[in-house]
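Close look at the chain arrangement
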Amino acid sequence: MSRLDPSRPRSFHVAILALGGQGGGVLVDWIVDLAEHAGWTAQATSVAGVAQRTGATIYYVEIVEPTPGRAPVLALMPVPGDVDVLIAAELMEAGRAVERGFVTPDRTTVVTSSHRTYAIQEKMVPGSGVADSAQVLGIVERASRRLVIDDMQALAVRNGSVISASLFGALAGSGALPFAVAEFEAVVKRSGVGVQPSLAALRAAVEVAQQSAPPALPADPMLTAARPLPERAAGARMQPLLERIRAEFPPAAWDWLGEGLARVADYQDPAYGAEYLDRVARLLAADPGAANGQVAIEAARWIAVAMSYDDVIRVADLKIRAERSARVRREIGAGAGDVVGTEEYFHPRLEELMGLLPRRWADRLDGASRLKAWLAPRLDRGRRIRTHTLRGHLQLRVVAGLRRWRRGSRRHAEELAHLDAWLAEVERLLPQDRTLAIELLRCRRLVKGYSDTHARGSSRFDRLLRAARELHGRPDAGSALGALREAALRDAEGRALAERLQALRLAA
């Protein structure tokens, strides 16, 4: 290393891990421009990841102070133990850099964003497959000489720029390279593109890097928390339901009941919200320990989830909402005068489309095998709908408008039958094994999504419903069902659940 040999010129080795679309190439170009304008030699290389989110691109920059009359020999890839600065555009990539040996406590300054872009492996898990950000942060902090961390994505968006600008500013503020902040700013000015927003993001990140506050993580968006129950409802039809919550249910569950009521009323209408409260009240009537609110909380959460199942109507409704359009515009940094186009991909199965029909019609269609065979290839296929066009928007608006007839559809009848069978079993168990009943309520977490995702989740839920009946009477029935639920949430293939069920059968 040049720092141990004063006769050799100083050099700095910078590794950058960035995902597709995060501007890693721009960041590399800026670092090279920074060094070359100072008279230093710079070389940049990159190795692309396997795919957009199964591996980040690794960029590598070596810069060497002026060596008149001599041409330095530079490496093409970062070498473990020989990296001065590690820049990660996402927290988990910083963790992967530690795993690769790019971060060492006596040498490496780590500049990383604390936000997460979830990997395919994290999204595929039926439950929460999200890696523990706090644990990764602790590993990175211990492995590095110095850690500069903040939500660089959010910082960039607040300043109307992109994450490469905020990462460049954090690098400037870290002092890890022998260049003044003004030299970093000059690079951005020379780029000539988005100069003012980029400078704003750069300067904000410099301030973050120069603070001595301990590193912190943003709030985990995967964590669920109920908002306080409001004093007044947004509409006159909802106010009596809000008053009913305070009058009939334990205070410990008020916030969750408010969340559930808002969800089901938004999904259908206030009358549907009244049905929701009726179902929760029915369970509490069967609960010998209703006063402590535990059953009410779990029932409030999972009955609301079950009653607001995903169907084609719901998906279409969410896609065309004004708040979604506003969020998309915020995320891409669109200006007030910019035209933003979105293309939605839909692939409902024939079963989902038949579920929109009245049950009697759908049952008749089930019996017409030749007609179904003719319809299947014409309906059961993927569609790309451009919702920014009049035609595309109207298509989804027509589907979303079917909400008023949802109660008469076959899908709704099937969902309510499934819901009532589940609640009847919970109601039966409550006086006999309250712990088992509560665990059975939590099993509804398995059912989500629509199409094949919904089918897989429902199948596992039904297996756990049968398991609850078989476990009833055992002293460890509740904990055993909870372990089965966690196993079912562990992998998309269902291997963990099958192994756990087999183990329970062997133990019996």
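Scroll up for the structure.
Residues numbered from 1 in each chain as written. Predicted model: local features only at pLDDT ≥ 70, side-chain atom pairs only at ≥ 80, totals over all residues. Heavy atoms only, no water.

As a further point, take the side chain of Ser 174. Turning to its location among the elements, Ser 174 is positioned in helix 6 (residues 163-174). In terms of polar contacts, Ser 174 uses its side chain to reach the backbone carbonyl oxygen of Leu 171, at 2.7 Å. For Ser 174, the contacting residues outside a window of four places in its chain are Thr 109, Arg 146, Val 148 and Ala 209. (Helix = DSSP H or I, 4+ residues; strand = E, 2+ residues; numbered from the N terminus. Polar contact = N/O pair within 3.5 Å; in protein donor to acceptor, adjacent residues only side chain to side chain. Contact = heavy atoms within 4.5 Å.)

The contact between helix 16 (residues 359-367) and helix 17 (residues 369-379) brings their axes to 5 Å, and the two run at 95 degrees. Between helix 16 and helix 17, the interaxial angle falls into the category roughly perpendicular. Contacts between helix 16 and helix 17 involve Leu 365, Asp 366 and Gly 367 from the first element and Ser 369, Leu 371, Lys 372 and Leu 375 from the second. (Axes fitted to C-alpha atoms, helices over the stretch in contact; angles between N-to-C directions. Parallel < 35°, antiparallel > 145°, perpendicular 65-115°, else oblique.)

The next point concerns helix 9 (residues 239-248). Within the sequence span of helix 9, burial applies to Gln 239, Leu 241, Leu 242, Arg 244 and Ile 245. The elements touched by buried residues of helix 9 are helix 10 (254-267) and helix 11 (270-285). (Buried < 20%, exposed > 50% of the residue type's maximum accessible area, 1.4 Å probe, protein only.)

This part takes up a nonpolar patch on the surface. A cluster of nonpolar side chains, contributed by Val 47, Leu 76 and Met 77, occupies part of the molecular surface with about 260 Å² of accessible area. By secondary structure assignment, the location of Met 77 is in the loop between strand 3 (57-64) and strand 4 (85-88). (Patch = residues over 30% accessible without salt bridge, like charges linked within 9 Å, V, L, I, M, F, W, Y side chains within 5 Å. Areas by Shrake-Rupley, 256 points an atom, 1.4 Å probe, with all protein chains shown as cover. Salt bridge = Lys/Arg side-chain N within 4 Å of Asp/Glu carboxyl O.)

In this section: the packing of aromatic side chains. In the structure shown here, the tally under the stated rule is seven aromatic pairs. With a centroid separation of 4.9 Å and an interplanar angle of 55 degrees, the aromatic rings of Phe 168 and Phe 184 are classed as tilted. Of this pair, Phe 168 sits in helix 6 while Phe 184 is found in helix 7 (residues 181-191), placing the two residues 16 residues apart along the sequence. Exposure remark for Phe 168: the relative accessible area of 0% places this residue in the buried category. Each ring, one from Trp 422 and one from Phe 461, has its centre 6.0 Å from the other, and the planes form 80 degrees; the classification is edge-to-face. Taken together, the residues span a long stretch of sequence, with Trp 422 in helix 19 (residues 410-429) and Phe 461 in helix 21 (residues 452-471) at a distance of 39 residues. By the burial criterion, Trp 422 is buried, and Phe 461 matches it. Three or more aromatic residues link up through ring pairs in this structure, and these residues are Phe 12, Trp 40 and Phe 179. The side chain of Arg 404 reaches across the aromatic face of Trp 405, ending 5.3 Å from its centre. (Phe/Tyr/Trp six-rings, centres within 6.5 Å; stacked < 30°, edge-to-face > 60°. Lys NZ or Arg CZ within 6 Å of the ring centre and 35° of its normal.)

Attention now goes to the pattern of salt bridges. Oppositely charged side chains can form a pair if their charged atoms are brought close together. Enumeration over the complete set of coordinates arrives at 39 salt bridges. When the shortest N-O distance is used, the salt bridge between Glu 298 and Arg 442 registers 3.3 Å. With a gap of 144 residues between them, Glu 298 in helix 12 (residues 294-307) and Arg 442 in helix 20 (residues 434-442) connect regions that are remote in the sequence. For Arg 442, a relative accessible area of 22% translates into the label partly exposed. Taking the shortest distance from any N to any O, the salt bridge between Asp 317 and Arg 321 comes out at 2.7 Å. Side by side, Asp 317 and Arg 321 carry an identical accessibility label, which is buried. Each of the salt bridges in this network shares a partner with another, and the network as a whole consists of Asp 266, Arg 314, Asp 317, Arg 321 and Glu 323.

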